[in-house]
Amino acid sequence: MTKVQKMSALERIITVLDGKIPDRVPSFILGGDCDFVYRFMNSPYKLTEEDMKQLEDDKVSFMIPFIHAIVAKFSPSDIFSGGLDAKIDMCWSTMGGGFIQVSFTEQVLLNTGATFDVVVKEDGIPHNWFTGPALLKKEYIEEYWEKEKELKPNPATFRNLSKIRKTMLEKYDIVVSQGIAGPFENCVFGIGHANFARFARKEPSFLQQHIDFQWETFEEPSLKLLMNQKPDVVMCGDDYGFNAGLQMNVKNWRKFIKPKLAEYVKYAHDADAKFVIHSCGNIGEIFPDFVEIGIDGVESLKPKNNELRMYREKYPEIALIGAVDDSEMLKYESPEFIRNYIREDIQILGKKGGYIPGPTNFLLDQPPENIVALFKGIQDYGKIY
Amino acid sequence: MCAKFRGIPAIIYSSLWRRQIFGKLEKDFPEKTKFAVYITDQPPAVLIKINNGNFEMEKLEEVKEISEIENIDCDGYFVAPQSYAFGGPVALQKGIKEGKVKMKNEAIIFSILLRIMT
């Protein structure tokens, strides 16, 4: 048997997304919010002054929730002298749009037409919240369409993404998957789920017009700007599921969302990049569609809501990414439990490749020792090939 | 829900908090600074003190009118409705002409706000 040579993180990730067997099972993290950052920076694993000096010299991003500085801290000591030796192979960063102002509300809106708030609770930890759709009437949507010029993406923000990605890859051997929001989130964050369902049923051409407007105004231009920066892996967030199934009728997903998602995939593949979709919830119903449009990997996959073994057997073309329960197991169990869990999990889901484990979503209030145990476990037990 | 701060004051707090938790606040704000921000459609005004790698933000419940911000002991202040604050340089210039945007020590305030928002 030929011994597999040690791969770089990029080789390892691309190998898995190509459906081949890497040197070991790679790992992934989406990021963490301020609550997790607070816990981490008050734990024994926190970034030291020496760490900070190196990270700043290397121009690593400290932005939350992507937490690249903390992700780098998980590196082995031959990469980062103060590293935790619990290597993370891939993380994420994504671009939002700007703000718009409209006549029907005093509130400043996100580019999708959504309202938002930043809240500092009594414990002094900040939180960013999506607070609901603002385009609740047809005439509001039509006024939104008049904001076309203000909704255009800013090229400078995409150039910055490229710097972030290159820094992490060259200095820390970490792949940064990059992307934009998907067509469903862009639509429902602005008009709301109820309007999506109502228009899909009663005025499908109006809904299609809105989806096309967002595609032409900022989704396609953003994808062009993103692909100009030549990312290796594109990962777009677009939550289709809830715990028991899709947030919409699958016919509506296929009619309104799938064609646009297929365009996203095409943009990535035309530039020789891999395409990964992040979608929370139970999304098994549309896995065959993901295969059809050529998606390389699906991320999130809370194990209680998804039949992961079935996905692995039935859809070997698609790599499973995430899939480690962060809402209960990583929050409440012990580091020892988590190490044992990931050892067995890798044996089951990773034995034929196609698996990049990690927390299913942004880290929130999980104990840092559990997160270190998870990534150390993936590093230690991932050598199964 | 009980919140200490919301809206633009919370955005400012969030930016300073991120620098503080990562130990970068003193480098980014080496000078001792005390400034007030009053988003007129998101009261109350707040007073922000930055010193030696730490910051404090307190509500100024006593400020009810724009003119009352003059009574606050600070190095500078920024007063604007939310829409003008988010609107960029053009909106700010418009707001200054209309008397809806007011600043004390513009150079200091702009320098601080620019660092906070980047």
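Description of the structure in this document. (Residues numbered from 1 in each chain as written. Chains lettered and ligands numbered in written order. Predicted model: local features only at pLDDT ≥ 70, side-chain atom pairs only at ≥ 80, totals over all residues.)

Moving on: the nonpolar core. Within soluble globular proteins, side chains that are nonpolar tend to cluster in buried spots. Ranked by internal contacts, the top residues of the largest apolar core, which has 139 residues, are I174 of chain A together with V37 of chain B. It is helix 1 (residues 7-21) of chain B that provides the largest number of residues to this core, a total of 8 residues. When near neighbours in sequence (up to four residues on either side) are disregarded, I174 of chain A contacts A9, V71, A72, I88, D89, M90, C91, M168 and L169 of chain A. (Core = buried A, V, L, I, M, F, W, Y, C linked by C-beta atoms within 7 Å. Buried ≥ 20, exposed ≤ 12 C-beta atoms within 10 Å, placed from the backbone. Helix = DSSP H or I, 4+ residues; strand = E, 2+ residues; numbered from the N terminus. Contact = placed C-beta atoms within 7 Å.)

A separate point is the sheet that holds strand 1 (residues 3-6) of chain B. One open sheet holds the 3 strands; their spatial order is 5(A)-4(A)-1(B), and the pairing between them is antiparallel. Two strands lie at the open edges of the sheet, namely strand 5 (126-133) of chain A together with strand 1 of chain B, each paired on one side alone. On average, adjacent strands in this sheet sit at an angle of 35° to one another, irrespective of strand direction. Relative to strand 5 of chain A, strand 4 (residues 114-121) of chain A is paired through 7 bridges, and the arrangement is antiparallel. For D117 of chain A, the partnering residue across the bridge sits in strand 5 of chain A and is W129 of chain A. Its contacts with the sheet place helix 7 (residues 183-191) of chain A against strand 4 and strand 5 of chain A, and it is angled at close to 75° to strand 5 of chain A. In the packing of helix 1 of chain B onto the sheet, the strands contacted are strand 4 and strand 5 of chain A together with strand 1 of chain B, and the crossing angle to strand 4 of chain A comes to about 60°. (Pairing = 2+ DSSP bridges. Axes fitted to C-alpha atoms, helices over the stretch in contact; angles between N-to-C directions.)

A few words now on the interface of chain B and chain A. Contacts between the two partners involve 21 residues from chain B and, on the opposite side, 20 residues from chain A. Elements with a contribution of two residues or more to the side of chain B that touches chain A: strand 1, helix 1 and helix 3 (82-86) of chain B. Considering every element that reaches the side of chain B that touches chain A, the biggest residue donor is helix 1 of chain B, with 8 residues. Class assignment for the residues of the side of chain B that touches chain A results in 10 nonpolar, 6 polar and 5 charged. (Nonpolar A, V, L, I, M, F, W, Y, C, P; charged D, E, K, R; others polar.)

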